[in-house]
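# Analysis of the macromolecular model
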Amino acid sequence: MLNFTDVTEFILLGLTSYREWQVLFFVIFLMVYIITMVGNIGVIALIKISPQLNSPMYFFLSHLSFVDVWFSSNVTPKLLENLLSETKTISYAGCLIQCFFFIALVHVEIFILAVMAFDRYMAIGNPLLYSSKMSRVVCMRLICFPYIYGFLTSLAATLWTYGLYFCGKIEINHFYCADPPLIKMACAGTFVKEYTMLILAGINFTYSLIVIIISYIFILIAILRMRSAEGRRKAFSTCGSHLTAVIIFYGTLIFMYLRRPTEESVEQGKMVAVFYTTVIPMLNPIIYTLRNKDVKEAMNKVINRKS
């Protein structure tokens, strides 16, 4: 029986074994990755240099874009490399590191989304007290929690991954090192890892979702009390982008991690994983800027200034 540390490398089976499809996927994912980098880094830079975007909402949005940059960079470069490579391998150390950052960044993102929902409640429900309640110090404390908690949770989860045993089979039915296919592939040590994965995912997804749901219940109550139709429209517009991002991100993650790893669920999860590791980080800047008047005005000012 091989221990995880006795395995020198794993083989990532990837998305397909057909060479023609691999070349096509390489072109598609390379374009998606470039758009993701440009979009998210652009949002971060725009928020940094634009005085009119100097508010808690955009402070949290810049951190969401920052996490999306690393989230995509943790998976996509290796995916692109293996699409053109004959070997398609990843070292066991590289696999552990990829697992660690993936789990950490997922938890950071779900709690940033929860913090953003709370921020929207404070802005819409208590507009007169918003500036004093959501001070710079409060924002820093709120944003520190997702990073600290996410990376500590990931450290514990990665150590449980290290406790898996493999009986010679080193082919991972995925395009990155994910927990479900690793659990399915392992021959011992899976009980603790499988149930801690389900429990951690269940608790953290549920807790962050509860924060979001409660925040939006109070937001809805505050909107219904508004007398101004313009105020209601603006409030719904502001919350619409965040709700879209929440539904897409949570929906795909719940489909992936709140099911027991089986051959069928791993195969389905691989297709879903394409969406939340590559497409969602690309979509977030579009979702948050497409209908946002403040961001559009800031972009126009920057463009005019450069012109």
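These numbers were taken from a predicted model, which means no experiment stands behind them. (Residues numbered from 1 in each chain as written. Predicted model: local features only at pLDDT ≥ 70, side-chain atom pairs only at ≥ 80, totals over all residues. Heavy atoms only, no water.)

Before going further, it helps to spend a moment on the packing of helix 3 (residues 92-125) against helix 5 (residues 136-162). Contact geometry of helix 3 with helix 5 gives a least axis separation of 7 Å together with a crossing angle of 150°. As the angle between them shows, helix 3 and helix 5 are arranged roughly antiparallel. Viewed along their axes, helix 3 and helix 5 form a crossing whose handedness is right-handed. Considering only residue class, the contact of helix 3 with helix 5 consists of 21 nonpolar, 6 polar and no charged. (Axes fitted to C-alpha atoms, helices over the stretch in contact; angles between N-to-C directions. Helix = DSSP H or I, 4+ residues; strand = E, 2+ residues; numbered from the N terminus. Parallel < 35°, antiparallel > 145°, perpendicular 65-115°, else oblique. Left-handed = near helix turned anticlockwise from the far one by under 90°. Nonpolar A, V, L, I, M, F, W, Y, C, P; charged D, E, K, R; others polar.)

Attention now moves to the pattern of salt bridges. Opposite charge on two side chains allows them to pair when their charged atoms are near. Applying the stated criterion across every chain, the model contains 3 salt bridges. Residues K78 and E81 are paired through a salt bridge, measuring 3.4 Å at the closest nitrogen-oxygen approach. In this pair, K78 and E81 are both assigned in helix 2 (residues 56-84), 3 residues apart and thus about one turn of the helix distant. As a salt-bridge pair, D119 and R120 come within 3.1 Å of each other at their nearest N and O atoms. Grouping residues by exposure puts D119 and R120 together as buried. (Salt bridge = Lys/Arg side-chain N within 4 Å of Asp/Glu carboxyl O. Buried < 20%, exposed > 50% of the residue type's maximum accessible area, 1.4 Å probe, protein only.)

Quick look at the environment of K88 now. One can find K88 in the loop between helix 2 and strand 3 (89-91). Among the residues examined, K88 registers a relative accessible area of 15% and is labelled buried. In this structure, K88 is in contact with F10, I11, L12, Q22, N82 and L83, ignoring residues within four places of it in sequence. (Contact = heavy atoms within 4.5 Å.)

Turning our eyes to something else, we now look at the UniProt feature "transmembrane region" (unreviewed entry) in the protein chain. UniProt records the feature "transmembrane region" (unreviewed entry) at residues 23-46, 91-118, 138-160, 198-223, 235-258 and 270-290, using the numbering of this structure. The span residues 23-46 is 100% helix and 0% strand, and its two end C-alpha atoms sit 34 Å from each other. Annotation note: span residues 198-223, helix share 100%, strand share 0%, distance between end C-alpha atoms 36 Å. (UniProt positions renumbered as here; feature names shortened; annotations may be inferred.)

Okay, the pairing of strand 2 (residues 9-12) next. Here strand 2 shows one buried face, formed by F10 and L12, and one open face, formed by E9 and I11. In terms of strand pairing, strand 2 meets strand 5 (residues 171-172) through 2 bridges, oriented parallel. Residue pairing in the sheet places L12 in a bridge with I172 of strand 5. (Pairing = 2+ DSSP bridges.)

Moving on: the packing of aromatic side chains. Evaluation of the coordinates by the stated rule reveals 19 aromatic pairs. Each ring, one from Y121 and one from F218, has its centre 5.5 Å from the other, and the planes form 50°; the classification is tilted. With a gap of 97 residues between them, Y121 in helix 3 and F218 in helix 7 (residues 190-225) connect regions that are remote in the sequence. The exposure class assigned to Y121 is partly exposed, which follows from its relative accessible area of 22%. (Phe/Tyr/Trp six-rings, centres within 6.5 Å; stacked < 30°, edge-to-face > 60°.)

On to the confidence of the model for the protein chain. For the protein chain, per-residue confidence averages 84 on the pLDDT scale, and 92% of positions sit at 70 or higher. Considering only residues more than four positions removed or in separate chains, one finds that residues 1-5, a stretch of pLDDT under 50, has 21 contacts. (pLDDT = per-residue confidence, 0-100.)

Let us look at the state of the cysteines. In this structure the tally under the stated criterion is 1 disulfide. There is a disulfide in this structure between C95 and C177, and the S-S distance comes to 2.0 Å. In this structure the cystine formed by C95 and C177 twists about its S-S bond by roughly -120°; its chirality is therefore left-handed. On the criterion of sequence distance, the pair formed by C95 in helix 3 and C177 in the loop between strand 5 and helix 6 (179-185) is long-range, its members being 82 residues apart. Summarising the burial analysis for this pair, C95 and C177 share the class buried. Between C239, a free cysteine, and C139, which holds the nearest cysteine sulfur, the sulfur-to-sulfur gap is 17 Å. A residue is classified by how much of its surface remains accessible, and C239, at 4% relative accessible area, is buried. (Disulfide = S-S within 2.5 Å.)

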